[in-house]
Amino acid sequence: MTYRAEVYVTLKPVVNDPAGLTIKGGLRALGFDSVTDVRAGKYLVVTLEADDEDQARSRVEEMARQLLANAVIEDYRIELQPVAEPVAALSPSRSGAGGVGT
Amino acid sequence: MRTGIIVFPGTWSDRDCAHAVGEILGQKTRYVDHREERLDDLDLVILPGGFSYGDYLRCGAIARFAPVMDAVTDFANRGGLVLGICNGFQILQEARLLPGALLRNASCEFRCEWVNLRVEQSESAFTLDSRPGQVLRIPISHGEGNFFADPQTLEAIERNGQVVFRYCAQDGRVTAESNPNGSLSNIAGIANARGNVVGMMPHPERACEDLLGGTDGLAVFRSAIHALARVAA
């Protein structure tokens, strides 16, 4: 089974974020006076094979802990979803009906 | 003193370090490839500055998993002298050989300039030749040198005397104006609890000849030579 994990890595709330502050300054300079805070982070998409969703999630958690995020300064959040079978793998009759998988 | 200078893909200050330690101080040096697994022949290991692995993900995050880093960790745990300069400092933190992390500079700018460093203690292997309160003039060259640690960690490293260098004014006063990157408590360099592993953002290897504007960086490398002599004695 193929899964697609979206990993959001953000600086912990107590960590100062110079990039976010600079972007906030830019937005306010453009006239977006209502902006009170901007936090910048990283967005990673990891595609992986796993037996089931639990296994996929625990593997991605392990990746985040070991490499994707630095626990000293960063938090992470994972959103996981199964990837639909590719259209080519479906039977002709189903793909003919619009190619919508599961 | 047999010095190994670790070269990762993207390291850029390796030759400057070899020039300072090998040519100027006349010590034996060799380059250590990031795939090597043995450091038994060495007394001092330097992780030089640069942009290892393009600084992808986070500075030092990928270098930490290079084969040579297991050997560096063993070497450090056995009491071997390890100096991380700039990107090398970032790598030592990612490898958890030193506490804290280095964030993007508060200014969001890459800063390349001479700074003044106050020596906070002279017990680390790289400050034996300096006296506490002495001011060294050494250049920095980085975009992510903003030292951060959580309050408990910061308190612990201050209490244990692990702060080695602080950014300061010419007269040694630690001021907000003399802090080039937003580092907590103006911290420019720290040691591990044992004092054999030091990380610093400034580049001592670029301050070893009058021709380059100053020689205060020599004290860092000479201290290592004397630390080893002291162990041998």
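Just above, that's the structure.
In short, a report on the structure.

Basis of the calculations
Residues numbered from 1 in each chain as written. Chains lettered and ligands numbered in written order. Predicted model: local features only at pLDDT ≥ 70, side-chain atom pairs only at ≥ 80, totals over all residues. Helix = DSSP H or I, 4+ residues; strand = E, 2+ residues; numbered from the N terminus. Rg over C-alpha atoms; globule rule 2.2 N^0.38 Å. Buried ≥ 20, exposed ≤ 12 C-beta atoms within 10 Å, placed from the backbone. Contact = placed C-beta atoms within 7 Å. Nonpolar A, V, L, I, M, F, W, Y, C, P; charged D, E, K, R; others polar. Core = buried A, V, L, I, M, F, W, Y, C linked by C-beta atoms within 7 Å.

A word on the overall build of chain B
Piece 1. When you go through chain B residue by residue, the secondary structure sums to 5 helices and 11 strands.
Piece 2. In terms of overall size, chain B behaves like a compact globule, its C-alpha atoms giving a radius of gyration of 16 Å where 233 residues would be expected to give roughly 17 Å.
Piece 3. If one aligns the C-alpha atoms of chain B with their principal axes, the spans along those axes are about 45 × 40 × 35 Å.
Piece 4. Considering chain B as a whole, with its 233 residues, one finds that 57% of them fall into the buried category.
Piece 5. In chain B, 76% of the contacts between residues at least 6 apart in sequence involve partners at least 24 apart.

Some details on helix 1 (residues 14-24) of chain B
Residues and elements named next belong to chain B.
Piece 1. What helix 1 keeps buried is the set D14, D16, C17, A18, A20 and V21.
Piece 2. Among the structural elements, strand 1 (2-7), strand 2 (28-33), strand 3 (44-47) and helix 5 (218-232) are those in contact with the buried residues of helix 1.
Piece 3. Within two residues after helix 1, G26 carries a phi angle of roughly 70°, on the positive side.

Digging into the interface of chain A and chain B
Piece 1. Listed per partner, the contact involves 9 residues of chain A and 11 residues of chain B.
Piece 2. The biggest single contributor to the side of chain A that touches chain B is helix 1 (residues 18-29) of chain A, with 3 residues.
Piece 3. A breakdown of the residues in the side of chain A that touches chain B according to their chemical character gives 6 nonpolar, 3 polar and no charged.

Digging into the nonpolar core
Piece 1. By size, the foremost hydrophobic cluster in this structure holds 79 residues, and its most contacted members are I6, V45, I46, V72, L117 and A224 of chain B.
Piece 2. For this core, the element with the highest residue contribution is helix 5 of chain B, accounting for 7 residues.
Piece 3. Apart from the residues within four sequence positions on either side, V45 of chain B is in contact with G4, I6, L39, V72, F75, G80 and V82 of chain B.
Piece 4. Counting residues in hydrophobic clusters, the runner-up holds 9 residues, among them A5, A56, V60 and A69 of chain A.

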